[in-house]
Amino acid sequence: AQKVTQAQTEISVVEKEDVTLDCVYETRDTTYYLFWYKQPPSGELVFLIRRNSFDEQNEISGRYSWNFQKSTSSFNFTITASQVVDSAVYFCAKGTYKYIFGTGTRLKVLA
Amino acid sequence: DTGVSQDPRHKITKRGQNVTFRCDPISEHNRLYWYRQTLGQGPEFLTYFQNEAQLEKSRLLSDRFSAERPKGSFSTLEIQRTEQGDSAMYLCASSLGLADPKETQYFGPGTRLLVL
C-alpha cells in the first residue's frame, strides 16, 4: 500500500529556533501531489502547501520552506525562527483526489 | 469567503443510536470528501462526491455508514447503530475538482463523535 511516513512523533523547540519536519512517502504513481497541513488545537486542518511530483523546485513562504526530493521520496518542511503560534500537529499527505496522510508530527514551541 | 462548515461540532451518543452529521462545502466547490481521524492518527479517507454522485467509498465505510449529497451542495454522513469504535473526529473537505489544475482540499472544523 502507498504510505506516508512522519517518523517524528513530537518535537519540542525553543522559540526562534529553526525546526524541520520530515516526510517520506511511497508511491507507484508517476504523477502525484504532496501536501502539508497544520492542525491547531481547534482541530481544523489548515492547508499550507501543495507540490506536484514533476516540480522539484523548493519553495519558501515567509518563515516556511519546503524541500522536495523525488530521488529520496521526501518532502520536508522547515520553519525558520519558530514562534509559539506554530505549535500544532503538522500532517504530510499524498494524493490526487484521495489523500493519504501521515500520522502527524506534534510541534511544541516553547517561549 | 465562507469556508467549509460542519454541524454539529461535538456529538455524544450512546452505543446503538443513530447519528447524522452535516457538511456545507465552499459554495463553488463541486467535490466533497469525508475523512475520519482517530486520536493520534492522520485523517483516513472515507468517501467522496463529484456533485451529487458518490464516486468512491473506502473499505472503512461499513454498511452502517451512509453518505449523501442529494443536490450537489451540502452532504450528510449517517452512522447507524453506533459502536464505541466509531468514536473519532469526522472531517469534511471540499475542492473545485477538475476545474482547478491545482486542486486542493479545504477542510472544515470537524465533528467530534463520542460513543458511550
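Since we're looking at a predicted model, the values are computed, not measured.

Enquirer: Just checking my understanding: could you explain the pairing of strand β5 (residues 33–39) of chain A for this structure?
Expert: Sheet faces and side chains relate simply in a regular strand, where the side chains alternate between the two faces. All names here are of chain A. Buried residues dominate β5, accounting for seven of its seven residues. Of the two faces of β5, both are covered, the one formed by Tyr 33, Phe 35, Tyr 37 and Gln 39 as well as the one formed by Leu 34, Trp 36 and Lys 38. Where β5 meets strand β6 (residues 46–52), six bridges bridge the pair, whose relative direction is antiparallel. Residue pairing across strands places Tyr 37 opposite Phe 47, the latter belonging to β6. With antiparallel pairing between neighbouring strands as the criterion, β5 and β6 make up a hairpin whose turn holds six residues, including Gly 43 at a positive phi of roughly 105°. Bridge count for β5 against strand β10 (residues 88–95) is seven bridges, and the pairing is antiparallel.

Enquirer: Looking at this model, I keep getting lost on the packing of aromatic side chains. Mind explaining?
Expert: Two numbers describe a pair of aromatic rings. These are the distance of the centres and the angle of the planes. In total, this model carries 25 aromatic pairs over all chains according to the counting rule given. Relative to Tyr 99 of chain A, the ring of Phe 35 of chain A lies with its centre 4.3 Å away and its plane at 25°, an arrangement referred to as stacked. You can see Phe 35 of chain A sitting in strand β5 and its partner Tyr 99 of chain A sitting in strand β11 (residues 99–101), a full 64 residues away along the chain. Here Phe 35 of chain A falls in the buried class, since its relative accessible area comes to 0%. A residue is classified by how much of its surface remains accessible, and Tyr 99 of chain A, at 2% relative accessible area, is buried. Centroid distance Tyr 97 of chain A to Tyr 48 of chain B: 4.8 Å. Interplanar angle 35°. Geometry classified as tilted. Note that Tyr 97 of chain A is positioned in the loop between β10 and β11 and Tyr 48 of chain B in strand β5 (residues 44–50), a pairing that runs across two chains. Judged by relative accessible area, Tyr 97 of chain A falls into the partly exposed class, the value being 24%. Residue Tyr 48 of chain B is classed as buried on the basis of its relative accessible area of 6%. Geometry around Phe 74 of chain B places Arg 22 of chain B over its ring, the cationic atom sitting 3.9 Å from the centre.

Enquirer: Before we go on, may I ask you to explain the interface of chain A and chain B in this structure?
Expert: Often, the extent of an interface is quoted as the loss of accessible area upon association of its parts. Each partner contributes residues to the interface: chain A has 17 residues there, and chain B has 23 residues. Around 1,600 Å² of area is buried between chain A and chain B when both sides are counted, 51% of it from carbon and sulfur atoms. The largest share of the area that chain A buries against chain B comes from Arg 50, Tyr 97 and Tyr 99 of chain A, three residues that together contribute 34% of it. Connecting chain A to chain B are one salt bridge. Measuring nitrogen to oxygen at the nearest pair gives 2.6 Å for the salt bridge that ties Glu 56 of chain B to Lys 98 of chain A. Linking chain A to chain B there are seven residue pairs in polar contact (both at pLDDT 80 or more).

Quick notes on the rules
- Each residue is numbered by its place in its chain's sequence as written, counting from 1.
- Chain A is the first chain written and ligand 1 is the first ligand written, with later ones labelled in order.
- Given that the model is predicted, a residue must reach a pLDDT of at least 70 before its local features are reported, and side-chain atom pairs must reach 80 or more before they are shown or counted; all residues, however, enter totals for whole chains, interfaces and linings.
- Side-chain metrics in this entry use all non-hydrogen atoms of the structure; hydrogen atoms and water are not considered.
- Each residue is assigned to one of three classes by its accessible area relative to the maximum for its type, calculated with a 1.4 Å probe on protein chains only: buried under 20%, partly exposed between the two thresholds, exposed over 50%.
- The helix and strand labels rest on DSSP assignments: H or I over at least four residues marks a helix, E over at least two residues marks a strand, and numbering proceeds from the N terminus.
- DSSP-based pairing: two strands are paired if at least 2 bridges between them are found.
- Stacked, edge-to-face and tilted labels apply to pairs of Phe, Tyr and Trp rings (six-membered ring for Trp) whose centres lie within 6.5 Å, assigned for plane angles under 30 degrees, over 60, and everything in between, in that order.
- By the criterion adopted, a ring carries a charge over it if an Arg CZ or a Lys NZ lies within 6 Å of its centre and within 35 degrees of its normal.
- Any two residues whose heavy atoms approach within 4.5 Å at even a single point are treated as in contact.
- Note on terms: buried area is the combined drop in 1.4 Å-probe accessible area of two parts once they are placed together, counting the loss on both.
- Any Lys or Arg side-chain nitrogen found within 4 Å of a carboxyl oxygen on Asp or Glu counts as a salt bridge.
- Counting of polar contacts relies on pairs of N or O atoms within 3.5 Å, with two restrictions inside protein: one atom must be capable of donating a hydrogen and the other of accepting it, and residues adjacent in sequence are counted only when both atoms are side-chain atoms.

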